[in-house]
Amino acid sequence: MFGTIIALAIFFAAALAGWAIAELKGKACEYEQDEEEKAVDCQLAEQLHKNGFTELTIKDVIKSISTKGFKTT
């Protein structure tokens, strides 16, 4: 019984330490785009809009998804 409690405490401490490391890693390692990457993103966005791309709203997505399954013929 006492060994089980110790094992659970060790597991909880390891899980907590892993979670803390993951959170701190995300805050410590930041990525910023350079000017070349920003220019490429702008060019791609312009190209998409020229070809008729429009971003869907949530109402458009709800209309186009299948929430009731597929009809069989």
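Structure's up top.
All of the points below concern the structure found in this document.

Conventions and cut-offs
- Residues numbered from 1 in each chain as written.
- Predicted model: local features only at pLDDT ≥ 70, side-chain atom pairs only at ≥ 80, totals over all residues.
- Heavy atoms only, no water.
- Helix = DSSP H or I, 4+ residues; strand = E, 2+ residues; numbered from the N terminus.
- Buried < 20%, exposed > 50% of the residue type's maximum accessible area, 1.4 Å probe, protein only.
- Patch = residues over 30% accessible without salt bridge, like charges linked within 9 Å, V, L, I, M, F, W, Y side chains within 5 Å.
- Areas by Shrake-Rupley, 256 points an atom, 1.4 Å probe, with all protein chains shown as cover.
- Salt bridge = Lys/Arg side-chain N within 4 Å of Asp/Glu carboxyl O.
- Lys, Arg positive; Asp, Glu negative; His and termini not counted.
- Charge placed at Lys NZ, Arg CZ, Asp CG, Glu CD.

**Some details on the overall build of the protein**
Secondary structure assignment for the protein yields three helices and zero strands. Going from N to C terminus, the protein has its helices and strands arranged as α-α-α. Out of the 73 residues belonging to the protein, those deemed buried represent 0%.

**Focus on a nonpolar patch on the surface**
Taken together, the side chains of Leu 56, Ile 58, Val 61, Ile 62 and Ile 65 make up a nonpolar region of the molecular surface, amounting to roughly 470 Å² of accessible area. Here Ile 65 is to be found in the segment after α3 (58-64).

**Quick notes on a negative patch on the surface**
Together, Asp 34, Glu 35, Glu 36, Glu 37 and Asp 41 give the surface a local cluster of negative charge. Along the chain, Asp 34 turns up in the loop between α1 (2-28) and α2 (35-50).

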